[in-house]
Amino acid sequence: MKKISTLILGLFLVMSCSKEDSTEIIDQDSSSQEILSIKEINLFIEKELKKNGDVNWTQAPANVLYSAVMHGDKMLSIGYGRKGENYVEGKRPSRLNDALENVYSIVQSIEGVNKSSAIILEDDILNSVDIKITKLETIEALQVADQIRYLDPIGYASYQQEDTSDQLKSAGCNQDGESINSTDYRVISPNAHLPWNFDIHKVSQAWNYSTGSGITVGIIDTGISANQNLLGSEFNDGVSNGRTVQRYGTYTDGSNDLCGHGTSMAAVLASPRNNDNMPVGVAYNCNLVSYRGTSDVVLDGYNERKGVSNALKALGNRGDVKIISMSIGYPWSIGNVEDAVKYAYGKGKMIFAAGGTSTSFTNWIGVIFPADMDETIAVTGILDNKYKRCNNCHDGEEIDFTIVMQRAGNSDRTVPVLGFNTGTRAYVGGSSVATATTAGIAALVWAKNPNMSRAQVLDKLKRAGEFYPNRNSRFGYGNIDALKAVQ
């Protein structure tokens, strides 16, 4: 039986190298124009993650940052302005314009090119610009320039498993239908399948008070399959009615899912309460807006990072969207995505993010980005035998909530959802499905209390957590009782 192990980072680290090797890379002459190898850069990354839980590229040795940029199609993302000035609304003030012009002046004088040749993209909302550079001196000058918030090698995508086929499997992509164990669901009216873990969180009981009607949820992932009618032309099916599903794409090639992960997340969140013997979603009467912002769950390339950033801005600008669900991420922070999260948060959105799911090679990383941000609500998955994380799930102090999503006796038996193609079903696991499930519960609460603020809805979720009023050091407020949350 195949299983989707979602949000698996698939990052095989070079564990055989010594700490002395890593130190040599960091301490070597930073003025050297020699480009470090990918192995050497990854050693620096590993040391930073183990020491600080993040990678601060702005403070990295200049030759390390330069080498990462050169291995990443020569692309450098620059966040300008003072700390906290992540974005602007309306006309950009003169001081920020001066900061941007200073960036251009440095690049032009050192690189010997005009502005139009250097610019890849200047963001119209976020205080960031993507520049093509070729010289170490440019990095050195920018690192000491005023009003630089971050320098990010946004094209660097080599901290990952090299085998492409394995990488796709480990990045949550799966389009295969599966046979579902008959004890992993029960049939409810009008002929839908209720996943086994919904009863643990009292989702079906919560439906007596709310089904998500009138609430619009945005999901940023790999899109929705064009072949799954229950998330398309039959989104209103069975007792699901009067709602809409919309699809957009900010990645490279349209809005349709070519991976399978986004379809699974949309299904557990909003699949209709159908009459087709198919799994139902948590908020089966909510509206859904899907953005294909990435090709898989690992944000390891320029187009994925830019796609997610653009999707966050677009959903932030929609007045009807209350909730954003993101079952995607990366081991360290990405400047333009962080800016966009703060932008969407500033627009009042409640943002759920997956705590992380990975192989045993990388589960030491802890809660990943952007779930580790203060502006997001971090979720992870646990087993059905009391607060043991799922076999690949991350936990940590940043986690806010947990969802039971895996059988303790069989790691393949996770949550049944709609499959990639109409008439098929599949299992989906990890912190990904836990995140989308929690976003669905939030939709139930907000639909029941449409005049509440984001903070009030979040407070209801916390009060419905098993550990409330306390907070567990690894699992936050714990499992949410959806019935209690909506009452």
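*Asks:* Quick question: what am I supposed to make of the state of the cysteines here?
*Replies:* Defined simply, a disulfide is a covalent bond joining two cysteines at their sulfur atoms. Here the structure, examined in full by the defined rule, presents two disulfides. Disulfide partner of Cys173: Cys259, at an S-S distance of 2.2 Å. Judged by the sign of its S-S torsion, about -105 degrees, the bond between Cys173 and Cys259 is left-handed. One end of the pair, Cys173, is in the loop between helix H7 (164-170) and strand E5 (185-188); the other, Cys259, is in the loop between strand E8 (245-249) and helix H10 (261-270), and 86 residues separate them in sequence. Judged on exposure class, the residue Cys173 and its partner Cys259 are both buried. What pairs with Cys390 in a disulfide is Cys393, and their sulfur atoms sit 1.9 Å apart. Classification of the bridge connecting Cys390 and Cys393 rests on its S-S torsion, roughly 90 degrees, and on that basis the disulfide is right-handed. An identical accessibility class is assigned to Cys390 and Cys393; each is buried.

*Asks:* Can you walk me through the sheet that holds strand E10 (residues 321-326) in this structure?
*Replies:* Consider a sheet: its strands pair through backbone hydrogen bonds, and that pairing is either parallel or antiparallel. Sheet architecture is open: seven strands sit in the order E8-E9-E7-E10-E11-E12-E13, paired in parallel fashion. Of all strands in the sheet, those bounded by a partner on one side alone are E8 and strand E13 (399-406). Averaged over neighbouring strand pairs, the angle between their axes works out to 25 degrees when direction is ignored. Looking at chain direction, E10 and strand E11 (residues 350-354) are connected through four bridges and run parallel.

*Asks:* What is the right way to read helix H2 (residues 38-52) from this model?
*Replies:* Spacing of three or four residues puts side chains on the same side of an α-helix, whose turn is 3.6 residues. Here H2 contains 15 residues, and its C-alpha end-to-end distance of 21 Å stays within 8% of the 21 Å for a straight helix at 1.5 Å per residue. The set of residues buried in H2 consists of Ile41, Asn42, Leu43, Phe44, Ile45, Glu46, Glu48 and Leu49. Gly53, located one to two residues past H2, shows a positive phi value of around 75 degrees.

*Asks:* Mind showing me how you'd approach the sheet that holds strand E2 (residues 119-122) here?
*Replies:* The strand order across the open sheet formed by four strands is E2-E3-E1-E4, and the pairing between neighbours is antiparallel. A single partner strand is all that each edge strand has here, and the edge strands are E2 and strand E4 (148-152). Sheet twist, expressed as the average angle between the axes of neighbouring strands with direction ignored, equals 15 degrees. By the bridge criterion, five bridges tie strand E1 (residues 75-80) to strand E3 (residues 128-132) in an arrangement that is antiparallel.

*Asks:* Sorry if this is basic, but what is going on with the pattern of salt bridges here?
*Replies:* Working definition: two side chains of opposite charge can pair if their charged atoms are close together. Applying the stated rule across the entire model yields 21 salt bridges. With its nearest N and O atoms 3.0 Å apart, the salt bridge here joins Asp339 to Arg149. Of this pair, Asp339 sits in helix H12 (residues 335-346) while Arg149 is found in strand E4, placing the two residues 190 residues apart along the sequence. Arg149 sits in the buried class, given a relative accessible area of 17%. Where Asp400 meets Arg471, a salt bridge forms, and the shortest distance between an N and an O atom there is 3.0 Å. With Asp400 in strand E13 and Arg471 in the loop between helix H14 (454-463) and helix H15 (482-486), this residue pair connects regions lying 71 residues apart in the sequence. The exposure class of Asp400 is buried, given its relative accessible area of 14%. For Arg471, a relative accessible area of 37% puts it in the partly exposed group. Where salt bridges share partners, they join Asp123, Asp130, Lys306 and Lys313 into one cluster.

Conventions adopted
Residues numbered from 1 in each chain as written. Predicted model: local features only at pLDDT ≥ 70, side-chain atom pairs only at ≥ 80, totals over all residues. Heavy atoms only, no water. Disulfide = S-S within 2.5 Å. Helix = DSSP H or I, 4+ residues; strand = E, 2+ residues; numbered from the N terminus. Buried < 20%, exposed > 50% of the residue type's maximum accessible area, 1.4 Å probe, protein only. Pairing = 2+ DSSP bridges. Axes fitted to C-alpha atoms, helices over the stretch in contact; angles between N-to-C directions. Expected span 1.5 Å × (residues − 1). Salt bridge = Lys/Arg side-chain N within 4 Å of Asp/Glu carboxyl O.

In short, geometric facts, not functional conclusions.
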